[in-house]
Amino acid sequence: NGLPLRFTTAHKRFVGDLDPEVSGLAKTSKSYDSFTSELRRGQLPILGNAAKESLDVVLFGDSHALALAPLFDELCVEMNLRGEVVARSGTFPFGLTSKYGPKEAVDAIRERNDCFIQRFRSETADAVFFALKWDNYVNDLKALAELRKMLNSISSAGARRIFILR
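Presented here is a report on the structure given in the accompanying data block. Treat the numbers as computed from the prediction; the structure is a model and nothing was measured.

### Section: the overall build of the protein chain
Counting its regular elements, the protein chain contains 7 helices and 5 strands. In the protein chain, the succession of helices and strands from N to C terminus is α-α-α-α-β-β-α-β-α-β-α-β. The buried share of the protein chain, taken over its 166 residues, is 44%. For the protein chain, long-range pairs separated by at least 24 residues make up 82% of all intrachain contacts whose partners lie at least 6 apart in sequence. Looking at the protein chain as shown, the accessible area adds up to about 9,200 Å², and 53% of this sits on carbon and sulfur atoms.

### Focus: the environment of R110
Relative to the assigned elements, R110 resides in helix α6 (residues 103–122). Between the C-alpha atom of R110 and that of E146, which follows or precedes it by 36 residues, the distance is 9.6 Å.

### Describing the nonpolar core
One finds V58, F116, F120, V128, F130 and I154 to be the most contacted residues of the largest nonpolar core, which totals 20 residues. Residue assignment for this core shows that the elements contributing at least two residues are β2 (57–61), α6, β4 (127–131) and α7 (141–157). Residues in contact with F120, not counting those within four places in the same chain, are V58, A125, V128, I154, A157 and A159.

### Some remarks on unusual backbone geometry
A negative phi angle characterises most non-glycine residues, just as the trans form characterises most peptide bonds. Of note in this structure, N80 is not a glycine but carries a positive phi near 55°. Inspection of the secondary structure assignment puts N80 in the loop between α5 (63–78) and β3 (82–87).

### Some points on the sheet that holds β2
Taken in spatial order, the 5 strands line up as β1-β3-β2-β4-β5 in an open sheet, and their pairing is mixed. Edge positions in the sheet fall to β1 (46–48) and β5 (161–165), since each has one partner strand and no second. The average undirected angle you get between the axes of adjacent strands in this sheet is 20°. In the sheet, β2 pairs with β3 via 5 bridges, with the strands oriented parallel. By the bridge assignment for β3, L59 is matched with V85. Sheet strands touched by α5: β1, β2, β3, β4 and β5. Its angle to β1, the strand with the most contacts, is close to 45°.

Reading the values: the criteria
- Residues numbered from 1 in each chain as written.
- Predicted model: local features only at pLDDT ≥ 70, side-chain atom pairs only at ≥ 80, totals over all residues.
- Heavy atoms only, no water.
- Helix = DSSP H or I, 4+ residues; strand = E, 2+ residues; numbered from the N terminus.
- Buried < 20%, exposed > 50% of the residue type's maximum accessible area, 1.4 Å probe, protein only.
- Contact = heavy atoms within 4.5 Å.
- Areas by Shrake-Rupley, 256 points an atom, 1.4 Å probe, with all protein chains shown as cover.
- Core = buried A, V, L, I, M, F, W, Y, C linked by side-chain atoms within 4.5 Å.
- Pairing = 2+ DSSP bridges.
- Axes fitted to C-alpha atoms, helices over the stretch in contact; angles between N-to-C directions.

Rendered as structure tokens:
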């Protein structure tokens, strides 16, 4: 996974300086993977302050999002924000063509994305962060059309800020 190579020295220093006794990162094996069944029930992995009612942040994507989830979790705790994670390893969020996998896998991705949009309409976050391995489908026009459709849906549902991380 090439994601750590993309972190700046400041990012690495921040993560390295986290006190395991304070952050709890070394003591837990918290999972940030989310499944469509959890998405349907609104039982997604929580970032930050789980007691807070309003949703501030959503982290959406594949293994890149999962790699960032502990950092987002820590930042959400520090900033008293509540977030949710919609991410699975090896999932192509927008590459919805047969070349990305069998039809069942593509259908599962579509279902997950549709559930995410429905959930987002019922509980809008101020900011949505997309963290994905883009190079697999950045030149695929159908994949880009799916991305545009999702971004438009999120925007029309009320997201104030959308960030695409690479």
